[in-house]
Structures are given as C-alpha cells and as structure tokens.
Amino acid sequence: MKIIKFEEKYRDDMIFMILEAKNALGRVPGLNRDLLDIKSNYLDKGDMFWIALNEENRVIGSVGYNTNANKKDVTLHRLFVKYNLKHKGIGTALLLTAEKYIKSANKDVIYVNLGKGEEWFESRAFYKKHGYFEYAPYKMKKQI
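Residues numbered from 1 in each chain as written. Predicted model: local features only at pLDDT ≥ 70, side-chain atom pairs only at ≥ 80, totals over all residues. Heavy atoms only, no water.

Things to note about the pairing of strand E5 (residues 109–113)
Buried residues dominate E5, accounting for four of its five residues. Summarising the sheet, strand E4 (residues 73–81) and E5 pair through three bridges and their orientation is parallel. Looking at the pairing, threonine 75 lines up with tyrosine 111 of E5. After leaving E4, the chain enters helix H3 (residues 90–104) and then returns to the sheet as E5, a path that is right-handed. Note: E5 against strand E7 (residues 139–143), five bridges, orientation antiparallel. Bridging across to E7, tyrosine 111 finds its partner in lysine 141. (Buried < 20%, exposed > 50% of the residue type's maximum accessible area, 1.4 Å probe, protein only. Helix = DSSP H or I, 4+ residues; strand = E, 2+ residues; numbered from the N terminus. Pairing = 2+ DSSP bridges. Right-handed = clockwise from strand over helix to strand, strands pointing away.)

Structure (structure tokens):
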C-alpha cells in the first residue's frame, strides 16, 4: 500500500470505493459533491486530499481536510477504507499521514463530524483510539 496526494486520474475509482464503503455500512450510497472536484474543493484552497493505493494502483482509502475560518483548525473529510480491507491499518495510515501534514502546517486542532445514528459506532471508536474525544453530539476533535 502507498499513500499519495490525490491525482485526478484516480477520481472515478475513489468515488466507486467510497460508494461501496457506504453500501457496506448499510447506508444508501450517495455522492458527496466535494468528491466530484477534489482540486477545487481541497487542493486549490491550500488544503489536502490523499488516497491509499494497493499494489494494482486501485484506490483502497481516502482522507482530506479543509482549513476552518480561523485558519488554525481543520476539519477532516472523507476518511474511508475499502469495505473488505478494514482493520488492516489503512485507515490509521491515512489518519497519521493527514495528522503529520496538518501539524507541519502549524494547525492546532483537527475536527471530525460524525454521522448521526448507530451506524457510526466504528468511526467513533476509531477516532477515540487515536486520541480524539467527543466535545458535542456527533462531533470529535483532537489537539495536535
């Protein structure tokens, strides 16, 4: 596995991976509009978006962030791992990549918005394991 900065040639594969992941969670797969144009919604704003690739250069994970209005905090978005590859360290590798980069950009806090409902129990446990805490319903953060 390797983690790289998003490249446009992987867009459709990434979208397919995320839709599959949502389906595996029992959610009706819907497309978040920001995924249609990663360049405009992340990279052109000075933010980042990464994808994890397997040995065949297929997308197996993703994560991005946007800087918040105060310029010192960020919000993570679209941390997904291919549904049949969970619990193999891919999500952790993506999160650590993002955290390291965000810290080097002199940001202070990382926020995560969780979905409402019980189907987000895995996300809540994952972020808690990595030092995030719930500060409001369905919202977690970590000081870096």
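There's plenty left to go through after this.
Considering the packing of H3 against helix H4 (residues 121–129)
Running from N to C, H3 and H4 cross one another at 55°; their axes reach a closest spacing of 11 Å. Between H3 and H4, the interaxial angle falls into the category oblique. Handedness of the H3/H4 crossing: right-handed. In this structure, H3 contributes Gly91, Thr92 and Leu95 to the contact, and H4 contributes Phe126, Tyr127 and Lys129. Per-class residue counts for the contact of H3 with H4 are three nonpolar, two polar and one charged. (Axes fitted to C-alpha atoms, helices over the stretch in contact; angles between N-to-C directions. Parallel < 35°, antiparallel > 145°, perpendicular 65-115°, else oblique. Left-handed = near helix turned anticlockwise from the far one by under 90°. Contact = heavy atoms within 4.5 Å. Nonpolar A, V, L, I, M, F, W, Y, C, P; charged D, E, K, R; others polar.)

Some thoughts on the layout of surface pockets
One number sums up the size of the largest pocket: a volume of about 800 Å³. If you trace the largest pocket, you find 31 residues lining it, with Leu79, Phe80, Ser123, Phe126 and Tyr127 closest to the centre. Contributing elements (two or more residues each) for the lining of the largest pocket: helix H1 (11–24), E4, H3, E5 and H4. When grouped by side-chain class, the residues that make up the lining of the largest pocket number 14 nonpolar, nine polar and eight charged. (1 Å grid on protein atoms, 1.4 Å probe; cavity = no way out; pocket = protein on both sides within 12 Å on 5 of 7 lines; lining within 4 Å. Points joined across faces, edges and corners; volume = space filled by probe spheres on them.)

Brief notes about the packing of aromatic side chains
Taken as a whole, this structure holds eight aromatic pairs when the rule is applied. Arranged with centres 5.3 Å apart and planes meeting at 75°, the rings of phenylalanine 126 and tyrosine 127 form a pair that is edge-to-face. Just as phenylalanine 126 is buried, tyrosine 127 falls in that class too. A network of ring pairs unites the aromatic residues Phe6, Tyr42 and Phe49 as a single cluster. Against the face of tyrosine 135 rests lysine 141, its NZ or CZ located 5.2 Å from the ring centre. (Phe/Tyr/Trp six-rings, centres within 6.5 Å; stacked < 30°, edge-to-face > 60°. Lys NZ or Arg CZ within 6 Å of the ring centre and 35° of its normal.)

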